Amino acid sequence: MRLIRAFSFIVLLICSFSCAQNNSRQNDLKKWFESNGKIKILTTTRMIHDLVKEIGGDKVDTLPLIIGELDPHSYQLVKGDDEKIARADLIFFNGLNLEHGPSLKQLLYEKKNAYAIGDYLKETHPEEVLYLGKEVDPHIWMDVSLFAKTIPVITEALSKQDPANKEFYKERSFNLEKELKELHLSVKNILHEVPEEKRYLVTSHDAFNYFARAYLATDEEVKTGSWSKRFQAPEGLAPDSQLSLQDINFIINHLRTYNIEVIFPESNVSQNSLKKIVEAIEAKGGVIRIANCSLYADAMGKEGSRGDSYLKMLRYDAELIASNLFPQKGGILKCNE
Ligand SMILES: [Zn+2]
């Protein structure tokens with residue numbers, strides 16, 4: 001009886017938490033639809049949402065379309081999304097084939113008020129955009145200095161929509177650039193405290209190429225292009241959980257070549273691929289560890305966690321990676337979900 005009561009209490013707790021979250025989401029949505037003189041902005045990801053909110057301040061009402069643990073690569077329009085897209089004065093999305101769910105992708109490229117900030121980056125800084133084979137890598141937010149280069153397209157779009165506040169947006173974008181520059185340096189410093197021979201990252205899917213080039217590689221490796229050895233993932237640019245024996249063997253060889261002892265899960269990607277790699281290594285008598293907590297890449301952390309904003313998620317990732325690669329410095333970071 002006591003067991004049943006305890007179980008009911010836990011269920012009630014979980015329900016009241018998720019119900020409260022749902023209610024707050026519904027309220028945010030209701031507020032966003034109300035006319036209040038502010039520019040109504042829809043973004044696909046929360047990372048873009050945070051940039052736009054910082055620049056637009058109290059002149060804008062921003063709403064992210066893809067929330068929680070949802071995968072931006074495969075997101076398809078659901079009931080209610082059409083109204084959000086129709087109501088938005090401006091839409092900002094990543095582009096570079098991140099949002100490749102057919103229904104969403106087509107609609108975004110049809111809208112004249114929709115800006116693909118990654119495509120803008122490809123036009124203005126083509127040499128900095130990465131490709132894996134023929135596929136463009138969309139994970140530009142994982143290098144803070146690169147993501148900061150999308151600020152002008154957001155600032156220009158806001159100024160065009162609301163010319164009276166042009167100076168306001170300009171000043172805020174200047175401050176944001178400064179803040180992102182500081183974060184970029186700080187992330188680099190945290191990771192460069194890890195000795196060079198230990199600065200190798202393996203995660204579930206190919207989300208950390210920009211991160212590796214910016215924060216794990218040496219200057220010489222960036223110059224020569226050999227930085228790519230600093231990061232590997234068993235799954236491709238979009239997580240798919242489809243691993244062949246060849247994929248597993250490739251990763252195992254990579255782990256051996258660079259004496260890598262720990263691999264990292266991602267918050268919104270299944271750990272199945274990583275577990276298969278661990279099993280294969282253990283079957284051959286080897287040892288590998290899965291890091292104690294998950295990294296944030298395609299999805300941010302829950303409200304109140306250490307990864308609930310763009311700036312916080314990047315810093316958290318840096319600290320989690322550094323502490324797992326080099327626990328000798330100050331121990332392994334505790335998870336804080
Ligand atoms: Zn991804």
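Predicted, not measured: the structure shown is a model, and the values here were computed from it.

Draft legend 1. How the structure looks around the domain arrangement of the protein chain. Taken as a whole, the protein chain is organised into domain 1 (32-180) and domain 2 (193-325). Placing the centre of domain 1 and that of domain 2 at their C-alpha centroids yields a distance of 26 Å. Buried surface at the junction of domain 1 and domain 2, both sides included, amounts to about 2500 Å², of which 59% is carbon and sulfur. Connecting domain 1 to domain 2 are zero salt bridges. Summed over the shared surface of domain 1 and domain 2, the number is 16 residue pairs in polar contact (both at pLDDT 80 or more). For the side of domain 1 that touches domain 2, the secondary structure elements donating two or more residues are helix 2 (46-56), strand 6 (135-136), helix 6 (144-147) and helix 8 (166-192). With four residues, the top contributor of residues to the side of domain 1 that touches domain 2 is helix 6. Its residues assigned to classes, the side of domain 1 that touches domain 2 shows 15 nonpolar, five polar and ten charged.

Draft legend 2. Molecular detail of the pattern of salt bridges. According to the stated counting rule, one finds eleven salt bridges in the structure shown. Linking Asp219 and Lys188 is a salt bridge whose minimum nitrogen-to-oxygen distance equals 3.9 Å. With a gap of 31 residues between them, Asp219 in helix 10 (residues 219-224) and Lys188 in helix 8 connect regions that are remote in the sequence. Classification of Lys188 by relative accessible area gives partly exposed; the value is 26%.

Draft legend 3. Main features of the state of the cysteines. All chains considered together, the criterion is met by one disulfide. Here Cys293 engages in a disulfide with Cys335; their sulfurs sit 2.1 Å apart. Because the sign of the S-S torsion sets the handedness, a value of about -100° for the bond joining Cys293 and Cys335 places this disulfide among the left-handed ones. Of this pair, Cys293 sits in the loop between strand 10 (289-290) and helix 13 (310-325) while Cys335 sits in the segment after helix 13, and the two are 42 residues apart along the sequence. What makes Cys293 buried here is its relative accessible area of 3%. The partly exposed category is assigned to Cys335, whose relative accessible area is 38%.

Draft legend 4. Summary view of the packing of helix 11 (residues 245-257) against helix 12 (residues 272-283). The interhelical angle for the contact between helix 11 and helix 12, taken along N-to-C directions, is 70°, at an axis separation of 10 Å. With respect to helix 12, the axis of helix 11 lies roughly perpendicular. Crossing of helix 11 against helix 12: the hand is right-handed. Residues Ile248, Ile251, Ile252 and Leu255 of helix 11 touch helix 12, and the partners they reach there are Lys276, Ile277, Ala280 and Ile281. Of the residues contributing to the contact of helix 11 with helix 12, the split by class is seven nonpolar, no polar and one charged.

Draft legend 5. A look at helix 9 (residues 209-216). The buried fraction of helix 9 is high, at eight of eight residues. Of the residues making up helix 9, those classed as buried are Asn209, Tyr210, Phe211, Ala212, Arg213, Ala214, Tyr215 and Leu216.

Draft legend 6. Structural detail: the coordination of the zinc ion. The protein atoms donating to the zinc ion are His73 (NE2), His139 (NE2), His205 (NE2), Asp298 (OD) and Asp298 (OD), with metal-donor distances spanning 2.0 to 2.7 Å. When the donors of the zinc ion are listed by position in the chain, the intervening gaps give H-x65-H-x65-H-x92-D. Taken as a pair, His139 in the loop between strand 6 and helix 6 and His205 in the loop between strand 7 (201-202) and helix 9 lie far apart in primary sequence, 66 residues in all. Taken as a pair, His139 and His205 share a single burial class, namely buried.

The rules behind the values
Residues numbered from 1 in each chain as written. Predicted model: local features only at pLDDT ≥ 70, side-chain atom pairs only at ≥ 80, totals over all residues. Heavy atoms only, no water. Domains from an automatic or database assignment. Buried area = accessible area lost by both parts, 1.4 Å probe. Salt bridge = Lys/Arg side-chain N within 4 Å of Asp/Glu carboxyl O. Polar contact = N/O pair within 3.5 Å; in protein donor to acceptor, adjacent residues only side chain to side chain. Helix = DSSP H or I, 4+ residues; strand = E, 2+ residues; numbered from the N terminus. Nonpolar A, V, L, I, M, F, W, Y, C, P; charged D, E, K, R; others polar. Buried < 20%, exposed > 50% of the residue type's maximum accessible area, 1.4 Å probe, protein only. Disulfide = S-S within 2.5 Å. Axes fitted to C-alpha atoms, helices over the stretch in contact; angles between N-to-C directions. Parallel < 35°, antiparallel > 145°, perpendicular 65-115°, else oblique. Left-handed = near helix turned anticlockwise from the far one by under 90°. Contact = heavy atoms within 4.5 Å. Donors = N, O, S within 2.8 Å, 3.2 Å for Na, K, Ca; no water.

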